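Observations on the three-dimensional arrangement
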Amino acid sequence: MPLPSVGRAVTELLIAIVGAAAISLLLQFAVNRAPDLVPDTYVPNALLSLIGAGLILCLVGGLAVRRVVTAPWWIKFAGVTGGLATLATLTLALPLLSTRYYLGGTTGDNEFRLRYMERMTSGWGLADFNYEGIPPFYPAGWFWLGGRFANLFDLQGWEAYKPFSITTIAVVAAVTFVLWRFVVRRRMAVLASLGTLLMGLHVPGVGEPYAWPTTAWLLPVLVLTWNALRDRETPRWPLILAGIYLGVCAMTYTLHLAFGAMLVVFLAIIAGVLRVRAGGSRGEVVRGLTGRVMLVAVVSALLMLVVWAPYLFGGGLGAENVAARYLPETSAYFPMPFKPNGPIGLLCLAGLAWAVVRVRAHRVALVALVTAGAVYLWFALSTLALAFDTTLLAFRFNVTLKVTLAVAGVFATTDMLGWALRRWNEWRTQITAVVAIVAIGLSVGVLQDSLRGPMREGFEAALSDYYPNGRTPESRHHVPGEEEDEGIWSGKLLAAVDELGTGTAERETVLSEQHHMLVFRPFWLFHDHRPHYTNPLSRHGERAAEIDTWAASNSPQELYRRMHDGPFTPPTMVVLKKGENDNYFYTVKYDTFPRKTAALGRKVTFEPSLFASPRFETRDVGPYVVIAVR
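Here's a quick rundown of the structure.

Thresholds applied
- Residues numbered from 1 in each chain as written.
- Predicted model: local features only at pLDDT ≥ 70, side-chain atom pairs only at ≥ 80, totals over all residues.
- Heavy atoms only, no water.
- Helix = DSSP H or I, 4+ residues; strand = E, 2+ residues; numbered from the N terminus.
- Rg over C-alpha atoms; globule rule 2.2 N^0.38 Å.
- Buried < 20%, exposed > 50% of the residue type's maximum accessible area, 1.4 Å probe, protein only.
- Areas by Shrake-Rupley, 256 points an atom, 1.4 Å probe, with all protein chains shown as cover.
- Salt bridge = Lys/Arg side-chain N within 4 Å of Asp/Glu carboxyl O.
- 1 Å grid on protein atoms, 1.4 Å probe; cavity = no way out; pocket = protein on both sides within 12 Å on 5 of 7 lines; lining within 4 Å.
- Points joined across faces, edges and corners; volume = space filled by probe spheres on them.
- Nonpolar A, V, L, I, M, F, W, Y, C, P; charged D, E, K, R; others polar.
- Patch = residues over 30% accessible without salt bridge, like charges linked within 9 Å, V, L, I, M, F, W, Y side chains within 5 Å.
- Expected span 1.5 Å × (residues − 1).
- Arc of directions from axis to C-beta.
- Contact = heavy atoms within 4.5 Å.
- Phe/Tyr/Trp six-rings, centres within 6.5 Å; stacked < 30°, edge-to-face > 60°.
- Lys NZ or Arg CZ within 6 Å of the ring centre and 35° of its normal.
- Pairing = 2+ DSSP bridges.
- Axes fitted to C-alpha atoms, helices over the stretch in contact; angles between N-to-C directions.
- Parallel < 35°, antiparallel > 145°, perpendicular 65-115°, else oblique.
- Core = buried A, V, L, I, M, F, W, Y, C linked by side-chain atoms within 4.5 Å.
- Lys, Arg positive; Asp, Glu negative; His and termini not counted.

1. Some thoughts on the overall build of the chain
Tallying secondary structure elements over the chain gives 23 helices and seven strands in all. Taking 630 residues into account, the globule formula puts the C-alpha radius of gyration at 25 Å, and the chain, at 27 Å, falls close to it. Its C-alpha atoms give the chain principal-axis dimensions of roughly 90 × 65 × 45 Å. The proportion of buried residues among the 630 residues of the chain is 54%. For the chain, the exposed surface amounts to about 27500 Å²; the carbon and sulfur share of it is 61%.

In structure tokens:
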């Protein structure tokens, strides 16, 4: 496909972003005004099945309708981007109608995400989501935008996480079509972007809304980059776009920066080899490709520094990355998404076979094959990294591999259709109709299977996790009992902290392992009980040792002195659990790599007599005690 001008490309991207965001927000507003259904119902799923089937029918079937094919480009553009944004929005908004939480609720990794949103909502500057005065380690780009979204709509961070995540997925779907439109014809761009969205819902890659954009956009951006590296006559703006893409990776999901940069280098090497074999001067080829790769590197580095400069210049360069010391089962085995055990497996298998067969003739095939190979290389390197007591978190690229092979499978299907039409042209209408019906049926099946399978756990957590008032979306119609789940106490704990403390969350430094209450306020923490999410500059081990010295105190006066004479800002509020022997305790978690259990805990016990002083004011809250440090 001939590349559009820079102005046209920028205009289309901006229109897609603004239009998809507007459509998503309007649809979410409408869904939120729907009847307040109880969570225990399939009504949203039934509506989604009907609407989703209709949208997929319009997107796929419209490719063969003459009036649609001959319509002005802006009508087709609006129809495709709007349809993709609508499908993405409703697939998430309808099943989550009865809850204010996004996929996963407040459990697991969402604890860290919600706390980051709270931190970015509380101020305009970049800051660590746990520790005061420390530059952030986890890229803050997406969360910073989420904070501005929350400020715009006057929401708390945890309240904004769901609508901002859904809006992000809608925008990504629309932008994916525009990027594919730069490298293939409109019909293929529609199918490739629809396949990307459906795979994102099925895996589900949309569970990490800040990581999904750079996964969904990887393949079309790499094809653009390959065109610019392979053909010396290609304009340079695709290289600038590739640099912007890698910069976005750096600002949102650092692993994707390393992986994407590796792929750009691989493609440059392949382009160089092909040019030399075609008769080009080795020196001239190296100089030309080096200049183009450097353009990508400079643009991405400038964007990277926007987020990473505070950490790198604040002493983070070379600090130990505990987050990488994690080896789940999915990192121990090479991924095999192409097992022919279902429609997705068959699609991925077809994509792999097509990429191998068409690697010399089709640029998308070459890029897809290189990307898939790079994923397996990353897994191998991650295993070798165990010798250095770390990993490369290879399991994070399972989504990348599945999306890449599934989209390649879409290209394989259209190639097979073209071959069949050339061979049996007299059956052109019948063959096209059969393929279209099968494609629509499989797409609807994948969408429905996503709701019943991979995303189901995320929906269930969003519907069953506790709000800060101690209730869940499922308990709106009955009073919950005094369960052991810590979430039921969050509201009472927050009320006690507000009453005993300053009343301003940003002025409180809290020591607590009751993680649920922490996602609702931008408290600073003295010690993060999850070592894999702690900032390398936080001196996590030293903080744990400091807590041990507090527990070893012999009197309230000694405890108070040790708290305030230590190397860290002391807590203003301590939330401890009550033990079986009338004592209090805090659980210190520590890294256990490479064991299957990523972290284990040990109890640090405090005698209640240590807080028998005017310096400490205590309040019993169920199985907890809240202690204000004066």
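And the narrative resumes.
2. Digging into the pattern of salt bridges
Evaluated as defined, the whole model comprises 24 salt bridges. With a closest N to O distance of 3.4 Å, Arg 113 and Glu 208 form a salt bridge. One end of the pair, Arg 113, is in helix α5 (residues 110–121); the other, Glu 208, is in the loop between α8 (186–202) and α9 (212–216), and 95 residues separate them in sequence. Each member of the pair Arg 113 and Glu 208 is classed as buried. Through salt bridges that share partners, Asp 109, Glu 111, Arg 113, Arg 115, Glu 208, Arg 396, Asp 528 and Arg 530 make up one connected network.

3. Thoughts on the layout of surface pockets
Size it by volume and the second largest pocket reaches roughly 1300 Å³. Lining the second largest pocket are 39 residues, and of these Leu 191, Thr 414, Leu 417, Val 435 and Ala 439 sit closest to its centre. Breaking the lining of the second largest pocket down by element, the ones donating at least two residues are α2 (43–61), α3 (66–69), α8, α15 (343–357), α17 (398–423) and α18 (428–452). Among the elements that line the lining of the second largest pocket, the one with the most residues is α18, at 10 residues. For the lining of the second largest pocket, a count of residues per class yields 26 nonpolar, nine polar and four charged.

4. Here's the deal with a nonpolar patch on the surface
On the surface, Val 6, Val 10, Leu 14, Ile 17 and Val 18 cluster together to form a nonpolar patch covering roughly 420 Å² of accessible area. Looking at the secondary structure, you find Val 18 in helix α1 (residues 6–32).

5. Brief notes about helix α22 (residues 540–551)
Given 3.6 residues per helical turn, the α-helix brings residues three or four places apart onto the same face. Between its first and last C-alpha, α22 extends 17 Å over 12 residues, near the 16 Å set by a 1.5 Å rise per residue. All of the buried residues in α22 are His 540, Arg 543, Ala 544, Glu 546, Ile 547, Trp 550 and Ala 551. Each buried residue of α22 sits inside an arc of 155 degrees when the element is viewed along its axis, so together they form one side. Those residues of α22 hidden inside the fold are in contact with β1 (509–512), β2 (524–525), α23 (556–565), β4 (584–591) and β5 (599–606).

6. Observations regarding the packing of aromatic side chains
Counting across every chain of the model gives 45 aromatic pairs. The interplanar angle of 50 degrees and the centroid separation of 5.8 Å between the aromatic rings of Tyr 101 and Trp 158 together place this pair among those described as tilted. Of the two residues, Tyr 101 sits in the loop between α4 (73–93) and α5 while Trp 158 sits in helix α7 (residues 157–181), which places them 57 residues apart along the sequence. Of the two residues examined, Tyr 101 and Trp 158, each falls in the buried class. Consider the rings of Phe 129 and Tyr 138, whose centres lie 6.4 Å apart with planes at 55 degrees: the pair is tilted. Both residues of the pair, Phe 129 and Tyr 138, count as buried. A cation sits over an aromatic face here: Arg 119 above Trp 524, 3.7 Å from the ring centre.

7. Considering the pairing of strand β3 (residues 573–578)
Successive residues of a regular strand alternate their side chains across the two faces of the sheet. Examined bridge by bridge, β1 and β3 share three bridges and lie parallel to one another. Counterpart to Leu 511 in the pairing with β3 is Val 574. Taking the residues that link successive antiparallel strands as the turn, the β3-β4 hairpin has five residues, and the phi of Asp 582 there is positive, at about 60 degrees.

8. Points about the packing of helix α12 (residues 254–277) against helix α13 (residues 282–316)
Between α12 and α13, the least distance of the axes is 9 Å, while the angle of their chain directions is 170 degrees. Between α12 and α13, the interaxial angle falls into the category roughly antiparallel. Contacts between α12 and α13 pair Thr 254, Leu 257, Ala 268, Ala 271, Gly 272, Arg 275 and Val 276 from the former with Arg 282, Val 285, Leu 289, Val 293, Met 304 and Trp 308 from the latter. Considered class by class, the residues forming the contact of α12 with α13 number nine nonpolar, two polar and two charged.

9. Structural notes on the nonpolar core
Generally speaking, a soluble globular protein has its nonpolar side chains buried in company with each other. Grouped together as the largest cluster of nonpolar side chains are 172 residues, with contacts concentrated most on Tyr 102, Trp 180, Phe 182, Val 206, Phe 259, Phe 411 and Val 626. The leading source of residues in this core is α7, at 16 residues. With residues near it in sequence (within four places) discarded, Val 206 still touches Leu 92, Tyr 102, Leu 103, Ile 169, Gly 200, Leu 201, Trp 212 and Met 455. Counting residues in each nonpolar core, the second largest holds 23 residues, with Trp 550, Leu 610, Ile 627 and Val 629 among its members.

10. Overview of the environment of Leu 246
Considering the arrangement of structural elements, one finds Leu 246 in helix α11 (residues 237–252). By relative accessible area, Leu 246 is classed as buried at 4%.

11. Some remarks on the side chain of Arg 186
Along the chain, Arg 186 turns up in helix α8. At 11 Å, Glu 12 is the nearest oppositely charged side chain to Arg 186, a buried residue that forms no salt bridge. With near-sequence residues (within four places) excluded, Arg 186 lies in contact with Leu 63, Val 69, Lys 76, Phe 177 and Arg 181.

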